[in-house]
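# Coordinate analysis (summary)
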Amino acid sequence: MDFGYTDDQRDIQRTARDLLAERAKPERVRELAEAGRTDDALWRELCELGWPGIAIAEEHGGQGLGTIELSILCEELGRSLAPVPLLPTALAAALIQHGGSDEQRARWLPDLASGETVGALASGSDGSSDLVIGGAEAGVIVLVEDDGSARVCAASDAEVAPLASVDPTRSAARVSFGEAGEALGGDACVGLGHALVAISSELVGVCSRTLEMTVAYVKDRKQFGVPVGSYQAVSHRCAQMLLDTEKARSAAAFAAWAADSEPSLLAEAAAMAKAACSDAGREVTASAIQAHGGIGFTWEADVHWLYKRAQLDAALLGGGKRHRAQLAGILADRVGASAPA
Amino acid sequence: MDLTFTPEQTAFRDELRAWLAENPPEAKPTSGDEHDEFVWRRDWQRRLYDGGWAAPSWPTEYGGRGVKPVESAIYFEEIGRARVPFSANTLGLLLGGPTLMVWGTDEQKERYLPPILSAEEIWCQGFSEPDAGSDLAALKTRAVKDGDEWVVTGQKVWTSGAQFAKWCMLVARTDADVPKHKGLTYFLMDMEQDAVQVRPLRQITGEAEFNELFIEEARVPDANVVGGVGNGWKVALTTLMNERAGLGFALQIRLRQLLDDTIQTAAERGLLEDPLYGDALAELHIRCETLRLLAWKGLTDAERYGQPGPEGSLVKWLWSDTNQRLTELAVDIVGPEALTAGTDWSYEFLRARGNTIEGGTTEVLKNIVAERVLGLPRLKAAA
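Residues numbered from 1 in each chain as written. Chains lettered and ligands numbered in written order. Predicted model: local features only at pLDDT ≥ 70, side-chain atom pairs only at ≥ 80, totals over all residues. Heavy atoms only, no water.

A few words now on the overall build of chain A. Counting its secondary structure elements, chain A contains eleven helices and nine strands. Its C-alpha atoms give chain A a radius of gyration of 20 Å, near enough to 20 Å, the size a compact globule of 341 residues would have. For chain A, the share of sequence-separated contacts (at least 6 apart) that also reach a separation of at least 24 residues comes to 69%. Total accessible area computed for chain A in this model is approximately 13,400 Å², and 49% of it derives from carbon and sulfur atoms. Measuring between centres, the 30 positive side-chain charges of chain A sit 9 Å from its 48 negative side-chain charges. (Helix = DSSP H or I, 4+ residues; strand = E, 2+ residues; numbered from the N terminus. Rg over C-alpha atoms; globule rule 2.2 N^0.38 Å. Contact = heavy atoms within 4.5 Å. Areas by Shrake-Rupley, 256 points an atom, 1.4 Å probe, with all protein chains shown as cover. Lys, Arg positive; Asp, Glu negative; His and termini not counted. Charge placed at Lys NZ, Arg CZ, Asp CG, Glu CD.)

This is the structure in structure tokens:
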């Protein structure tokens, strides 16, 4: 029983945190978000470092590491809000790697691993999706339908209409496949599990950074002659933010471990993680705005970027309610299986 | 990251599981008499003792197995999973013994530890007072030196097991002229004297799990001071730090069992397909599982990094809140039976109400998290 990272994993975490602290400073993220642009220079740098391919098999040009390593990067990207399409690229790759045919893997994974091609994951129905994160830049899009079936399609064969989501730190688009694309050769469930872990981990990073900012603010901000953080109405809110964050973190860690080491647990673990992390992301960032008071509601304070990122990540592939419904089904199956015949 | 047990840990678990299967406790007495129940739990502890399973985390020199915290947590998970009773002398095993191992003299360890383990002498905890709950250091029970004895007068409350106890871990004020944390001393008080009166304290479940102690000039020999005169606060903290360490793992398994029972009942009544119940049960499932993960993470991080992470303060908070939510939902699912006096469900439901108060109120736990984990400024309180 050991929740610790290996030395190599800790190196990845430290390197990622240091690099993003340097390259994705809040001023830089704000500048790009206000201009509605992603950070091409940073993306190229991350591609050179092999980040997009971290969890893609070596035979397809990736680093062949696991979902734990991918989740470490996603958490750091969530912390920094770096405006790069790593998450959507990793999500598309997860679906193709775990649910695609050999041919589909060979066709798409090398360019996703190198970052040559940006990926995106769309979830929708009847061949279209109204909001696809990273969709405007994507070269390949995987569409997961409500019934769990998945199709992969070159973006050039689909209708892609760029749009601005509430989160301007990433591109977005409305995507329609029509009849284009081809069904993934295998079962999309495993890939979805890995994808849910990656999104959950980004949400953990968002929560973590949000809590740090909020604690720093309420220690500093004075009203009635004392720091507002000395009032229990405020400090207990912060304690609740920590509890939500740590629950989310442990659920995401369990799911990442299951993805790499105990696939039989992945479906359940991923649903738990996505429910816990989606709810935590929304609660913690909303709490942060409240704890910041009036300034938290202004464009100039940075908390709103985190709040907005949390909304999109929480909605992506379904939030708390959808995944709890999923879990309720798993619980029902389990009771049914243990019932005497 | 490896969220499985090592082969050695698995072997430890399997050995204990097999022993528990072969050595079940006697059937719980049905008389409803608390003394009968005490005898049942004492006999159970003796069976554990004879099998070498009363306190595996105690060092071998004191009769334990000297196992590490992970094995100790496995022990409590298995105790919970087997649905066996808690040992009659749980407070001695978990709090008194470990406190003496840190602060006791060699003579004290030799005299007191063996009968704790064998349940020959039962221990109780005399900390809280009517006017000193969360603010424990404000306690008023006085101890005055008289020759080579101390004379103790005061009142204690929430003293579980006092009616069966031989020894009381008592914190009393020995110096009223210094700041409140500095004037305290930790004593072992003999409960078998007329100057100590035990009065049962009936709680909302109707049972009297706790007692009040009325102490009127009780005598405590100087040799029964633990950790030195005036050092009582530090010694008491050692006791409090042990308070939830082990038992938490058993309680969290019991929570899981209660949830499984609730899910089973919901399925039988066709409520599991109802999206509202499904959502609430799935949320409780997530809470139970993250609780276990947090507890294990706290424990293993403490082993790995030498200090616990933030999880320790969060686990009791999350457990108590979850147990209340679960039993409330169970009332909805189970229906009238859960509101019928004397049923197991009505007991679970009413008993859960104390969870967010006992062993540190949720409000105090939030203060601890805010001040010690997040480093927020301390609320200015009257001295």
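This is not the end of the story, as more comes after the structure.
From N to C terminus, chain B includes eleven helices and eight strands. Taking 383 residues into account, the globule formula puts the C-alpha radius of gyration at 21 Å, and chain B, at 22 Å, falls close to it. Dimensions of chain B, computed from the C-alpha atoms along their principal axes, are close to 70 × 50 × 50 Å. Taken over 383 residues, chain B has a buried fraction of 50%. Sequence separation of 24 or more characterises 71% of the internal contacts of chain B that already satisfy a separation of 6 or more. As displayed, chain B offers around 17,500 Å² of accessible surface, 51% of which is attributable to carbon and sulfur atoms. One way to put it: in chain B the 41 positive side-chain charges average out to a point 5 Å from where the 59 negative ones average out. (Buried < 20%, exposed > 50% of the residue type's maximum accessible area, 1.4 Å probe, protein only.)

Counting residues at the interface gives 44 residues for chain B, matched by 45 residues for chain A. Taken as a group, Met1, Leu3 and Leu374 of chain B account for 18% of the area that chain B buries against chain A, more than any other trio of residues on that side. For the pair chain B and chain A, the interface holds three salt bridges. With a shortest N-O distance of 2.9 Å, arginine 304 of chain B and aspartate 2 of chain A are connected by a salt bridge. At the boundary of chain B with chain A, the tally comes to nine residue pairs in polar contact (both at pLDDT 80 or more). Among the elements of the structure, α7 (247–268), α8 (275–305), α9 (311–334) and α11 (362–373) of chain B are those that each provide at least two residues to the side of chain B that touches chain A. It is α8 of chain B that provides the largest number of residues to the side of chain B that touches chain A, a total of 17 residues. Residue composition of the side of chain B that touches chain A, by class: 24 nonpolar, nine polar and eleven charged. (Buried area = accessible area lost by both parts, 1.4 Å probe. Salt bridge = Lys/Arg side-chain N within 4 Å of Asp/Glu carboxyl O. Polar contact = N/O pair within 3.5 Å; in protein donor to acceptor, adjacent residues only side chain to side chain. Nonpolar A, V, L, I, M, F, W, Y, C, P; charged D, E, K, R; others polar.)

Compared with an ideal rise of 1.5 Å per residue, which puts 16 residues at 22 Å, helix α1 (residues 7–22) of chain B spans 22 Å between its outermost C-alpha atoms and is within 8% of the ideal. Packing partners of the buried residues in α1 of chain B comprise α2 (34–50) and α3 (69–81) of chain B. (Expected span 1.5 Å × (residues − 1).)

A word on the domain arrangement of chain B. Domain boundaries assigned for chain B yield domain 1 (7–88), domain 2 (123–230) and domain 3 (244–373). On a C-alpha basis, the centres of domain 1 of chain B and domain 2 of chain B stand 29 Å from each other. (Domains from an automatic or database assignment.)

For the rest of this paragraph, the subject is the nonpolar core. By size, the foremost hydrophobic cluster in this structure holds 192 residues, and its most contacted members are Trp51, Leu95 and Val142 of chain A together with Trp296 of chain B. Sequence-distant contacts of tryptophan 51 of chain A, defined by excluding residues within four places in its chain, comprise Ala16, Leu19, Leu20, Leu46, Gln63, Leu73, Leu77 and Leu86 of chain A. If you look at the next biggest cluster of nonpolar residues, it comprises 23 residues, including Phe38, Leu170, Met189 and Leu213 of chain B. (Core = buried A, V, L, I, M, F, W, Y, C linked by side-chain atoms within 4.5 Å.)

Here we take up the domain arrangement of chain A. All names here are of chain A. Segmenting chain A into domains produces domain 1 (7–183) and domain 2 (188–338). Listed by partner, the interface residues are 36 residues for domain 1 and 35 residues for domain 2. Roughly 3,100 Å² of surface becomes buried between domain 1 and domain 2 when both sides are summed, with 65% attributable to carbon and sulfur atoms. Inspection of the domain 1/domain 2 interface yields six salt bridges. Summed over the shared surface of domain 1 and domain 2, the number is 15 residue pairs in polar contact (both at pLDDT 80 or more). With eleven residues, helix α4 (residues 67–80) is the single largest residue contributor to the side of domain 1 that touches domain 2. Its residues assigned to classes, the side of domain 1 that touches domain 2 shows 19 nonpolar, ten polar and seven charged.

Before going further, it helps to examine the sheet that holds strand β7 (residues 182–183) of chain A. Residues and elements named next belong to chain A. Pairing within the open sheet is mixed, and its four strands lie in the order β1-β3-β4-β7. Edge strands, defined here as strands with exactly one partner in the open sheet, are β1 (119–124) and β7. With five bridges connecting them, strand β3 (residues 140–145) and strand β4 (residues 150–154) associate as antiparallel partners. Looking across to β4, one finds that isoleucine 141 is bridged to cysteine 153. Strands in contact with helix α5 (residues 86–99) are β1, β3 and β4; relative to β1, the strand with the most contacts, it is inclined by about 75°. (Pairing = 2+ DSSP bridges. Axes fitted to C-alpha atoms, helices over the stretch in contact; angles between N-to-C directions.)

So, about the side chain of histidine 292 of chain A. Residues and elements named next belong to chain A. Summarising the element assignment, histidine 292 is placed in helix α9 (residues 266–292). Overall, histidine 292 belongs to the buried group, its relative accessible area being 8%. Those residues within four positions of histidine 292 in sequence are excluded, and the remaining contacts are Met213, Thr214, Tyr217 and Val303.

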